[in-house]
Amino acid sequence: MRRGHVGFVVTFILLAVAGNLCGEFAGDYSKLSGIIIPGFASTQLRAWSILDCPYSPLDFNPLDLVWLDTTKLLSAVNCWLKCMMLDPYNQTDHRECKSRPDSGLSAITELDPGYITGPLSSVWKEWIKWCIEFGIEANAIIAVPYDWRLSPSKLEERDLYFHKLKLTFETALKLRGGPSIVFAHSLGNNVFRYFLEWLKLEIAPKEYGRWLDDHIHAYFAVGAPLLGAIETVKATLSGSTFGLPVSEGTARLMFNTFGSSIWMLPFSKYCTTDNVYRRHFSGGNRKYHHAYHCDEHELKSKYSGWPTNIINIEVPSIRGNEVYPSVVETAQTNLSGMECGFPTQLSFSAREVSDGTFFKAIKNYDPDSERLFHLLKKSYHDDPILNPLTPWERPPLKNIFCIYGVDSKTEVGYYFAPSGKPYPDNWIVTDVIYEIEGSLYSRSGNLVEGNPGATSGDETVPYNSLSWCKNWLGPKVNITRTPQLELHPTFSRSAVHLVSGWTVRVREEHDGSDVQVHHYIEHQHGEDIIPNMTKLPTMKYITYYEDSESFPGTRTAVWELDKANHRNIVRSPALMRELWLEMWHDIHPDKKSKFVTKAKRGPLRDEDCYWDYGKARCAWSEHCEYRYVFGDVHLGQSCRLKSSTSHLLSHYV
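Keep in mind the model is a prediction, meaning the values are calculated, not measured.

## A word on the packing of helix H4 (residues 125-133) against helix H17 (residues 573-587)
At a minimum axis distance of 11 Å, the contact between H4 and H17 shows a crossing angle of 40 degrees. Taken together, H4 and H17 sit at an angle that is classed as oblique. Handedness of the crossing formed by H4 with H17: right-handed. Contacts from Glu126, Trp127 and Trp130 in H4 reach Pro573, Met576, Arg577, Leu579, Trp580 and Met583 in H17. Looking at side-chain class alone, the contact of H4 with H17 contains seven nonpolar, no polar and two charged residues.

## Observations concerning the nonpolar core
In this structure, Trp67, Trp80, Phe195 and Ile313 are the most contacted members of the largest nonpolar core, which totals 115 residues. Counting residues per element, this core draws most heavily on helix H7 (residues 187-200), which supplies eight residues. Beyond its immediate sequence surroundings of up to four residues, phenylalanine 195 is in contact with Phe162, Leu165, Lys166, Phe169 and Trp211.

## Focus on H4
Along an α-helix, a turn takes 3.6 residues, which lines up residues three or four apart on a common side. Along H4, the residues classified as buried are Trp127, Ile128, Trp130 and Cys131. For H4, the buried positions fall inside an angular range of 155 degrees around the axis, keeping them on one side.

## Considerations on the state of the cysteines
Using the criterion set out here, one finds six disulfides in the structure. Through a disulfide, cysteine 271 is tied to cysteine 294; the S-S separation comes to 1.9 Å. Sign of the S-S torsion, about 105 degrees for the bond between cysteine 271 and cysteine 294, identifies this disulfide as right-handed. Of this pair, cysteine 271 sits in strand S9 (residues 271-272) while cysteine 294 sits in strand S10 (residues 293-294), and the two are 23 residues apart along the sequence.

## Here we look at the pattern of salt bridges
Two side chains with opposite charge may pair up if their charged atoms get near one another. This structure, assessed with the given rule, holds 32 salt bridges. Lysine 82 is the partner of glutamate 96 in a salt bridge, and the nearest nitrogen-oxygen pair spans 3.3 Å. Highlighted residues: glutamate 96 in the loop between helix H2 (77-84) and strand S5 (99-101) and lysine 82 in helix H2, separated in sequence by 14 residues. Judged by its relative accessible area of 33%, glutamate 96 falls in the partly exposed class. A relative accessible area of 25% places lysine 82 in the partly exposed class. Among the salt bridges present, the one from arginine 351 reaches glutamate 298, with a minimum N-O distance of 3.0 Å. Within this pair, whereas arginine 351 is found in helix H13 (residues 350-354), its partner glutamate 298 is found in helix H12 (residues 296-300), the two being separated by 53 residues in sequence. Residues joined in a network through salt bridges with shared partners are Asp147, Arg149, Arg158 and Asp159.

## So, the sheet that holds strand S3 (residues 45-47)
Spatially, three strands are ordered S4-S3-S5 in an open sheet, and the strand pairing comes out antiparallel. Looking at strand neighbours, the two that pair on one side only are strand S4 (65-67) and S5, the edges of this open sheet. Pairs of neighbouring strands in the sheet enclose a mean axial angle of 40 degrees, with direction left out of account. Here S3 pairs with S5 via three bridges, running antiparallel. Of the residues in S5, the one forming a bridge with leucine 45 is proline 101.

## So, the side chain of serine 301
Mapped onto the elements, serine 301 comes out in the loop between H12 and strand S11 (311-317). One polar contact links the side chain of serine 301 to the main-chain amide nitrogen of tyrosine 303, over a distance of 3.4 Å. Reaching out from serine 301, the side chain makes a polar contact with the backbone nitrogen of serine 304 at a distance of 3.3 Å.

## Focus on the packing of aromatic side chains
Inspection of the entire model under this criterion finds 27 aromatic pairs. Ring plane angle 70 degrees and centroid distance 6.3 Å describe the contact between phenylalanine 220 and tryptophan 559, whose orientation is recorded as edge-to-face. In this pair, phenylalanine 220 sits in strand S8 (residues 216-222) while tryptophan 559 sits in strand S23 (residues 555-562), placing the two residues 339 residues apart along the sequence. There is no split in this pair, since phenylalanine 220 and tryptophan 559 are both buried. Among the aromatic side chains, those forming a connected cluster through ring pairs are Tyr146, Tyr161, Phe162, Phe169, Phe192, Tyr194, Phe195, Trp198, Trp211 and Tyr219. Taking the ring centre of phenylalanine 60 as reference, the NZ or CZ of lysine 72 above it sits at 4.5 Å. The aromatic ring of phenylalanine 595 is capped on one face by arginine 555, whose charged end is 5.1 Å from the ring centroid.

Thresholds, definitions, all that
Residues numbered from 1 in each chain as written. Predicted model: local features only at pLDDT ≥ 70, side-chain atom pairs only at ≥ 80, totals over all residues. Heavy atoms only, no water. Axes fitted to C-alpha atoms, helices over the stretch in contact; angles between N-to-C directions. Helix = DSSP H or I, 4+ residues; strand = E, 2+ residues; numbered from the N terminus. Parallel < 35°, antiparallel > 145°, perpendicular 65-115°, else oblique. Left-handed = near helix turned anticlockwise from the far one by under 90°. Contact = heavy atoms within 4.5 Å. Nonpolar A, V, L, I, M, F, W, Y, C, P; charged D, E, K, R; others polar. Core = buried A, V, L, I, M, F, W, Y, C linked by side-chain atoms within 4.5 Å. Buried < 20%, exposed > 50% of the residue type's maximum accessible area, 1.4 Å probe, protein only. Arc of directions from axis to C-beta. Disulfide = S-S within 2.5 Å. Salt bridge = Lys/Arg side-chain N within 4 Å of Asp/Glu carboxyl O. Pairing = 2+ DSSP bridges. Polar contact = N/O pair within 3.5 Å; in protein donor to acceptor, adjacent residues only side chain to side chain. Phe/Tyr/Trp six-rings, centres within 6.5 Å; stacked < 30°, edge-to-face > 60°. Lys NZ or Arg CZ within 6 Å of the ring centre and 35° of its normal.

Rendered as structure tokens:
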């Protein structure tokens, strides 16, 4: 969770592509379709009741925008909270107001059109624009929003969400004639994982694999918190405003009523639970508790496979060295009295957060801990389908692409202390531990001991959680590193010139000479793959890890994008370009390789052409030409493609 993260956790897009079980395509755009599953806080919620707001002229009426209507948030925050918050125990609506997810593409493109612009509001708008420019039909893109406040079991119980998602896949197959490519972002990956497990209990075991092959061609996992996200802990204890004009305490009050608040808690990669699927078909009890089973590495590892302890928290010791007194005032007591005792610092690993040890340890000091532990046990540990707080195995799909940003300063641990204020502001963050450039630093800049990874995460999800999908690769991996091609005029890798008041950046073309390739690199399961390749400090790269030979009939790839931010990666031109090329490659009948070539990257749209002031002509002269159209206001706008997009795409098969 992060400020401005109204697209926080976000599941992206499923583009359906026609083909048979072997993955061969006809190369026909009419076979393309898409299903978009948005992530946490990335779907509009609308009022489904009438709420009279006193002292405010703005009431809530049916179908009024709730998430995200900043006007009502600013003028009637208490009313707005009633429409947002849920009962923390049974996940029902507030007695005075209820909200439900909107439907259609408009529910996910812009959350607050007309008021907030930028990362907080715009989610899928740029991607839809790309699809339209490349000729995708309107009925080929299907949005399936959901109530991102609910736990996975409640999504199905209240809204039949996973039944509807199954029908959406089947409808797309009948409508367009081919299987889908699943493109999920952040929490949306967790939604998709749960769907795959739910599907096992809905389809006969012999038909399960066939259904997946028929309906899902590939899975794009973007920014997936495969081992959880640290910032969930901060949002739970001290609040995260998501960039909204509310206090952290108010944000905490709201967030902790959501069943989904537990969904991205960090957990140990060494601990698993019983297999519900096998137990169900062997006559076991579906309500059986998902007990954790940890291997010997959990006992030997100090931090459950994470860089450091997730939480370090001070609690009062009323009787000297006794951390937990036998008689204490319960949840209704203000933590302001804590300052009378001697504080004791407790530390908790990822396993101790996800198994509930942490919430039980602070139950005498925090009113929310009992509610959160109830949610954790009921909605996750005892979920009849899946305990999501367990490590992922590779989904049984033919083609998987795991994509995430790296090399950004990312929070990996916190120090909390009592603030002396009443709930919900009873905790403050006294220090933060960051991972950056393969090292750990405190907020003050001091080096911290721990187990940092080879690089850092994407500002929201730590590297070890994002890169867990490298375990889905086989023993022999091909690695390619290439510069990111960012054609938008606001990006630069060389000199800056001022021409007629415009700031113009001169960029170099990527002709393939700076691509680094290593074939058949050995990979041990459970270990990271660190390429022995060079990086220029002024250049941002994409590193591809690709394996199409270890497991017959499947392809697995991992893409690491330097400096790609977790929230904004969905709008990254470099990512959209690579995704589009990969899809084009897959549907082309004459493709010569398992994955799209990385040898050269050129312009695909008129917007990719720009004026090269150093050479006094349009850049990419092989593909772009100067062609003025009435209304152009600067030279760059008059640079346009010479040939059709389909001709340019033919170079990437």
